[in-house]
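# Working through the structure, step by step
Chain residues, written in single-letter form:
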Amino acid sequence: MRVVLFCHSLVSCWNHGNAHFLRGLVSELQARGHDVRVLEPADGWSRQNLLREQGEAALLDNRRACPPDCVITYRDDALDLEVALDGADLVLVHEWNPPGLIERLGRHRLAGGRYLLLFHDTHHRALTRPEDMARYRLEGYDGVLAFGAALRQIYLERGWARRAWIWHEAADVRRFRPLPGAPKDLDLIWIGNWGDEERTAELEEFLLRPVAELRLKSALHGVRYPEAAQRRLREIGVEFRGWLPNHRVPQAFAGARATVHVPRRPYARVLPGIPTIRIFEALACGIPLVSAPWADVEGLFTPGEDFLLAPDGPAMRAALRALLCEPGLAAHLAAHGLRTIRERHTCGHRVDELLAICAEIAPERFGVPPAPAERAPASAVAEAVA
């Protein structure tokens, strides 16, 4: 089928974590023979910040990491929906699009568009800033793909959508995989943006203080770190390496013995069950992980087997010490976490779910979804992380 995806950017992942899953989704659809078009604005915020901070070479490097021959850039005043949607069977609209465009697409569908139109929400704003989401007119949409049960429930309870499905993010295992044999130059690596004061205290408690107290050789990657944060990193001897293109993350994970997951406050406290993309990618790379608190109410993982869960700073310090001092524990977590990703949380699994949703909405058109993509056998998991 022909799939059209409207998103903020596929080309740039600068402070734009949604690009990670969307790239994997497009790659998986293409691998199954579907025709995918991705429309992104030529002047998008992430793209412009990438150009300003890193230059044209970085944008070109990011473009090479994207699925081939699918990205179309547009300007708002020149976007012809008749051309963009010609021949479309399925149209996915990510939440990081202008409300005006989201409404235009809904009107086009109501005016006779012969495609399924789904809204894809991967943010906490529906709960933390509901007035923002209330501006999004979804009357013409066939439903909402919400990246967690708590978010799906909000859409249904508030009447923002008639139908909504749980559709979590997942790992692009074509790119995120273990790289055995890489030298472990670091005790710990953390990859994430500072951003918006949503986890400043949590980063201090679950990352910076344990690193300082254990005197770990550590490095951090990310953007939007204020000078005060960078000064704190220098004080405790952590190397700040700035922005890292997402397609280079597997190499970074391969060079460290452990990582941590520090969810932003809204996901830890008010939207339970949503781990965000970083935990999927880390486990897919076979790196042992310790997570700050979040409630896995949907049973996506098995804490204690896929990763260690630390309820507070002292527990984080103890868990990191155990990982670094007990190679057997680290190897068990790495293998179990990798197995869980490959068996349940790849972009292939999410495409299976997407096709099933399409068949549920329009069985006369989409019929029974094709058989799931072939998965890596469990026996290969231990070998991959050895």
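Note that the structure is predicted; figures quoted are calculated from it, not measured.

Cut-offs used in this document
Residues numbered from 1 in each chain as written. Predicted model: local features only at pLDDT ≥ 70, side-chain atom pairs only at ≥ 80, totals over all residues. Heavy atoms only, no water. Buried < 20%, exposed > 50% of the residue type's maximum accessible area, 1.4 Å probe, protein only. Helix = DSSP H or I, 4+ residues; strand = E, 2+ residues; numbered from the N terminus. Pairing = 2+ DSSP bridges. pLDDT = per-residue confidence, 0-100. Contact = heavy atoms within 4.5 Å. Phe/Tyr/Trp six-rings, centres within 6.5 Å; stacked < 30°, edge-to-face > 60°. Lys NZ or Arg CZ within 6 Å of the ring centre and 35° of its normal. Lys, Arg positive; Asp, Glu negative; His and termini not counted. Salt bridge = Lys/Arg side-chain N within 4 Å of Asp/Glu carboxyl O. Polar contact = N/O pair within 3.5 Å; in protein donor to acceptor, adjacent residues only side chain to side chain.

## A word on the pairing of strand β9 (residues 218–221)
Taking every second residue as pointing to the same face, both faces of β9 are buried, with Ser218 and Leu220 on one and Ala219 and His221 on the other. Sheet analysis places strand β8 (residues 186–191) next to β9, joined by four bridges and oriented parallel. Its bridge partner lying in β9, Leu188 is registered against Ser218. Inspection of the sheet shows β9 paired to strand β10 (residues 239–240) by two bridges, in the parallel sense. In the sheet register, Leu220 faces β10, and the bridge partner there is Phe240.

## Section: the confidence of the model for the protein
When the pLDDT values of the protein are averaged, the result is 93; 95% of them are 70 or greater. Contacts of residues 376–382 to residues separated by more than four positions or lying in other chains number eight contacts, the stretch itself having pLDDT below 50.

## Notes on the packing of aromatic side chains
Tallying each qualifying case throughout the model produces 13 aromatic pairs. Look at Trp294 and Phe301: their rings are 6.4 Å apart centre to centre, the planes differ by 80°, and that puts the pair in the edge-to-face class. When its relative accessible area of 6% is taken as the criterion, Trp294 is described as buried. Three or more aromatic residues joined by ring pairs form one cluster here, namely Phe119, Tyr136, Tyr141, Tyr155 and Trp160. Above the face of the Tyr115 ring, Arg109 is positioned so that its terminal group lies 6.0 Å from the ring centre.

## Thoughts on the environment of Glu56
Looking at the secondary structure, you find Glu56 in helix α3 (residues 56–65). Accessibility expressed as a relative area gives 58% for Glu56, which makes it exposed. When the C-alpha positions of Glu56 and Gly17 are compared, they lie 20 Å apart, and in sequence the two are 39 residues distant.

## Brief notes about the side chain of Glu169
Within the element layout of this structure, Glu169 appears in the loop between β7 (164–166) and β8. Buried charged residue Glu169 carries no salt bridge. Nearest counter-charge: Arg350, at 8.9 Å. A distance of 3.4 Å separates a polar atom in the side chain of Glu169 from the backbone nitrogen of Ile277. Each residue touching Glu169, except ones within four places of it in the same chain, is listed here: Asn18, Phe21, Thr122, Phe147, Thr276, Ile277, Phe280 and Arg350.

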